[in-house]
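Residues per chain, in single letters:
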Amino acid sequence: MITRTRLAAGTCALLAALAAGLAFPAGAVAGEPTGEDAPKVDLVLDVSGSMRTRDIDGGTRMAAAKQAFNEVLDATPEEVELGIRTLGADYPGDDRRTGCKDTAQLYPVGPLDRTEAKTAVATLAPTGWTPIGPALLKAADDLDGGAGSKRIVLISDGEDTCAPLDPCEVAREIAAKGIGLTIDTLGLVPNAKMRQQLSCIAEATGGTYTSVEHTDELTEKVNQLVDRAADPVVTPVATRGADSCAKAPTLKSGLYTDRAEFGAQRWYRVDVAPGRELRASVSVGADRAVNPSHGVLLRAVTAHGREIVRGEAAGDGRTDVLSTGLRYPKAEGGSDEEPTEAVCLQVTHSFSVASGVKTTPGLPLELTVDVVDGPGDADDVASFGLGRGWWLLGVLVLVGFLAGLLWGWLSRWRFAVWRTN
């Protein structure tokens, strides 16, 4: 039977990404939280010259950031390893090449010494450029290693000044590394251009963007993001689909990420034993500007190419995430030695981009695979595409027939009474 699902945009927390090759964490099912590694957060603070501006609650942007950081450091959960990185904090000159290298680790990611971290923050003074792209690359290195959740929280009051190193492209490169890293961005008193850039950075890794104009808003949001890092998360496993069913990687139950290239198919294989049921869903995220009309198709086919079931969804307008799913119940075999069936999952999408928008890497893809015990009765297995729908159809026909007889009898009785009167 077919389950056709359109999930809401943004519910996929989206779309952590991706690396070439298939990797399963030792001793854990794919996509299962292990609880072995501490969650890590790197706070990346813009300390460029514009942070001297006095437009947040009567004080400077820098003063608001320092106050927020002090309160966040006090409230950081013990299990979170936290670090602080700056951009534009050290070089006051006009040499662009030097200014675009101005990013430093103020406090290393690790167990938090609150007094030491606060002392480091107190030394900051607005200074130089706004090298957001280089700072994000360094912050990703700060968080590299381990299987726990990883989060960058970027606080900036302006757009990057070190083009052509586009921060959006940097975020996509970080996502493509497959280290499960999320970037959240906060814009201090933002303008339209800065809002667009920070939103793009966040969307590329499934993060969030927030506009901030008051100190308490900044404190509350950063606290919320740090706390979120401490919540148990399911880390998707990076895989790489093949261009045909025969070459597809074999997946077990779990959560996987990949990149869906434009105009290409992605194939994955799942072994389904007799009496088991395959449930699968896929989400494709539009992490860049796409044309208004698009759709996503997920097909389950046999190893010989015969379609078993499909799920598809289409959207019009700017949809950040488009999702669909399917269900395939497999009947009980005739004997205990009945072989498993190789089911190939094909993922395609009809997203397209306008001229000038990069098509590589492909769009972030998240695939959920679940193989569970199938229905107890063989007649629950899809029959002519309806499954239990035949029972429902029969009941509806019978009820309709009886209702028609009753209505006819009542009509005749009322007519007879009318004639008598």
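Treat the numbers as computed from the prediction; the structure is a model and nothing was measured. (Residues numbered from 1 in each chain as written. Predicted model: local features only at pLDDT ≥ 70, side-chain atom pairs only at ≥ 80, totals over all residues. Heavy atoms only, no water.)

1. Some thoughts on the overall build of the chain
Test applied: Counting from the N terminus, the helices are DSSP H or I runs at least four residues long and the strands are E runs at least two residues long. Any residue under 20% of the maximum accessible area for its type is buried, any over 50% is exposed, and the rest in between are partly exposed; the area is computed with a 1.4 Å probe on protein chains only. Contacts were defined at the residue level, with two residues in contact if any of their heavy atoms lie within 4.5 Å. What sets the accessible areas is the Shrake-Rupley method with a 1.4 Å probe; for residues, cover comes only from the shown protein chains.
Check the secondary structure of the chain and you find 8 helices and 17 strands. Evaluated residue by residue, the chain yields a buried proportion of 49% over its 421 residues. Restricting to contacts in the chain with at least 6 residues of sequence separation, those with at least 24 account for 77%. Of the roughly 20200 Å² of accessible surface on the chain, 53% is carried by carbon and sulfur atoms.

2. Focus: the pairing of strand E1 (residues 40–46)
This is how the line gets drawn: At least two DSSP bridges between two strands are required for those strands to pair.
Most of E1 is tucked away, with 7 of its 7 residues classed as buried. Where burial is concerned, the two faces of E1 agree: the one with Lys-40, Asp-42, Val-44 and Asp-46 and the one with Val-41, Leu-43 and Leu-45 are both buried. As judged from the 6 bridges shared by E1 and strand E6 (residues 150–156), these two strands associate in the parallel manner. Paired with Leu-45 across the two strands is Ile-155, which belongs to E6. Of the strand pairs in this sheet, E1 and strand E4 (residues 81–87) are connected by 7 bridges, and their pairing is parallel. Bridge assignment links Val-41 to a residue of E4, and that residue is Leu-82.

3. Describing the state of the cysteines
This is how it is decided: Any two cysteine sulfur atoms within 2.5 Å of one another count as a disulfide.
Scanning the entire structure with this criterion turns up 3 disulfides. Note that Cys-100 is cross-linked by a disulfide to Cys-162, the S-S spacing being 2.0 Å. Measuring the twist about the S-S bond at about -100°, one finds the Cys-100-Cys-162 disulfide to be left-handed. Placement of Cys-100 in the loop between helix H2 (96–99) and strand E5 (103–110) and of Cys-162 in the loop between E6 and helix H5 (167–176) is noted, with a sequence separation of 62 residues between them. Side by side, Cys-100 and Cys-162 carry an identical accessibility label, which is buried. Through a disulfide, Cys-245 is tied to Cys-344; the S-S separation comes to 1.9 Å. Around the S-S axis, the bridge from Cys-245 to Cys-344 shows a dihedral of about 60° and counts as right-handed. Of this pair, Cys-245 sits in the loop between strand E9 (237–238) and strand E10 (254–260) while Cys-344 sits in strand E16 (residues 341–349), and the two are 99 residues apart along the sequence. The pair formed by Cys-245 and Cys-344 is uniform in burial state, with each residue classed as buried. Counting only the cysteines that take part in disulfides, in the order they occur along the chain, gives the pairing 1-2, 3-4, 5-6.

4. Describing a negative patch on the surface
Selection criterion: Residues qualify for a patch when their relative accessible area is over 30% and they have no salt bridge, like charges being joined within 9 Å and the nonpolar side chains of Val, Leu, Ile, Met, Phe, Trp and Tyr within 5 Å. Within this document, salt bridges are pairs made up of a side-chain nitrogen of Lys or Arg and a carboxyl oxygen of Asp or Glu, the two lying within 4 Å of each other. His residues and chain termini do not enter the charge count, which takes Lys and Arg as positive and Asp and Glu as negative. Note that the charge is assigned to NZ on lysines, CZ on arginines, CG on aspartates and CD on glutamates.
A surface patch of like charges, here negative, comprises Asp-57, Glu-71, Glu-213, Asp-216, Glu-217 and Glu-220. Broken down by element, the residue count for the negative patch peaks at 3 residues, all from helix H7 (residues 215–230). Relative to the helices and strands, Glu-217 resides in helix H7.

5. A word on the nonpolar core
As a reminder, the rule being used: The criterion is simple. A nonpolar core is a set of buried Ala, Val, Leu, Ile, Met, Phe, Trp, Tyr and Cys residues joined through side-chain atoms within 4.5 Å.
Ranked by internal contacts, the top residues of the largest apolar core, which has 32 residues, are Leu-43, Leu-45, Ile-155, Leu-186, Leu-218, Val-222 and Val-226. Mapped by element, the contributors of at least two residues to this core are E1, helix H1 (61–75), E4, helix H3 (114–122), E6, strand E7 (181–188) and H7. Here the element with the most residues in this core is H1; it accounts for 7 residues. Not counting chain neighbours up to four residues away, the residues in contact with Leu-45 comprise Met-51, Met-62, Ala-65, Phe-69, Arg-85, Thr-86, Leu-87, Leu-124 and Ile-155. Membership of the second largest hydrophobic core comes to 31 residues, among which are Val-270, Val-272, Val-369 and Val-371.

6. Here's the deal with the packing of H1 against H3
Relative orientation and spacing of two packed helices are given, respectively, by the angle between their axes and the distance between those axes. Here is the rule we go by: In this analysis, axes come from line fits to C-alpha atoms, helices being fitted only over the stretch in contact, and the angle between any two N-to-C directions falls in the range 0 to 180 degrees. To sort the angles, those under 35 degrees are grouped as roughly parallel, those over 145 as roughly antiparallel, those from 65 to 115 as roughly perpendicular, and the leftovers as oblique. Here the nonpolar group is Ala, Val, Leu, Ile, Met, Phe, Trp, Tyr, Cys and Pro; Asp, Glu, Lys and Arg are the charged ones; every other residue, Gly included, is treated as polar.
Contact pair H1 / H3: the axes reach a minimum separation of 10 Å and the direction vectors enclose 170°. Taken together, the axes of H1 and H3 are roughly antiparallel relative to one another. On H3, the residues that touch Lys-66, Phe-69, Asn-70, Leu-73, Asp-74 and Ala-75 of H1 are Arg-114, Ala-117, Lys-118, Val-121 and Ala-122. Counted by class, the contact of H1 with H3 contains 6 nonpolar, 1 polar and 4 charged residues.

7. Considerations on the confidence of the model for the chain
Applied cut-off: pLDDT expresses how confident the predictor is about each individual residue, on a scale running from 0 to 100.
With 82% of its residues at a pLDDT of 70 or more, the chain has an overall mean of 81. Contacts for the low-pLDDT stretch residues 1–29, under 50 throughout, to residues beyond four places or in other chains number 89 contacts. Contacts for the low-pLDDT stretch residues 377–388, under 50 throughout, to residues beyond four places or in other chains number 15 contacts.

8. A few points about the sheet that holds E10
Ordered by their spatial adjacency, 5 strands build an open sheet running E9-E10-E17-E12-E15, and the pairing between neighbours is mixed. Every interior strand has two partners, whereas the edge strands, E9 and strand E15 (321–329), have only one. Pairing geometry for strand E12 (residues 276–285) and E15, over 9 bridges, is antiparallel. Bridging from a neighbouring strand, Val-282 pairs with Thr-324 of E15.

9. Here's the deal with the side chain of Arg-85
Selection criterion: The term polar contact refers here to a pair of N or O atoms within 3.5 Å; inside protein, the definition further demands a hydrogen-donor-capable atom paired with an acceptor-capable atom, and it admits residues adjacent in sequence only when both atoms are side-chain atoms.
On the secondary structure map, Arg-85 appears in strand E4. Within the structure, Arg-85 has its side chain in polar contact with the side chain of Thr-103 (distance 3.1 Å). In contact with Arg-85, other than residues within four places in its own chain, are Asp-42, Leu-43, Val-44, Leu-45, Thr-103, Ala-104, Gln-105, Leu-106, Ala-135, Lys-138, Ala-139 and Asp-142.

10. Quick notes on H3
Under the convention used in this document: The arc in question is the one traced by the directions running from the helix axis out to the C-beta atoms.
Listing the buried residues of H3 in full gives Ala-117, Ala-120 and Val-121. Across the axial projection of H3, the buried residues extend over an arc of 100°, all falling on one side. In this structure, H3 carries Thr-115 and Ala-122 as exposed residues pointing more than 90 degrees from its buried face. Among the structural elements, H1, E4 and E5 are those in contact with the buried residues of H3. At the N-terminal boundary of H3, the capping side chain belongs to Asp-113, with an oxygen 3.2 Å from the backbone nitrogen of Thr-115.

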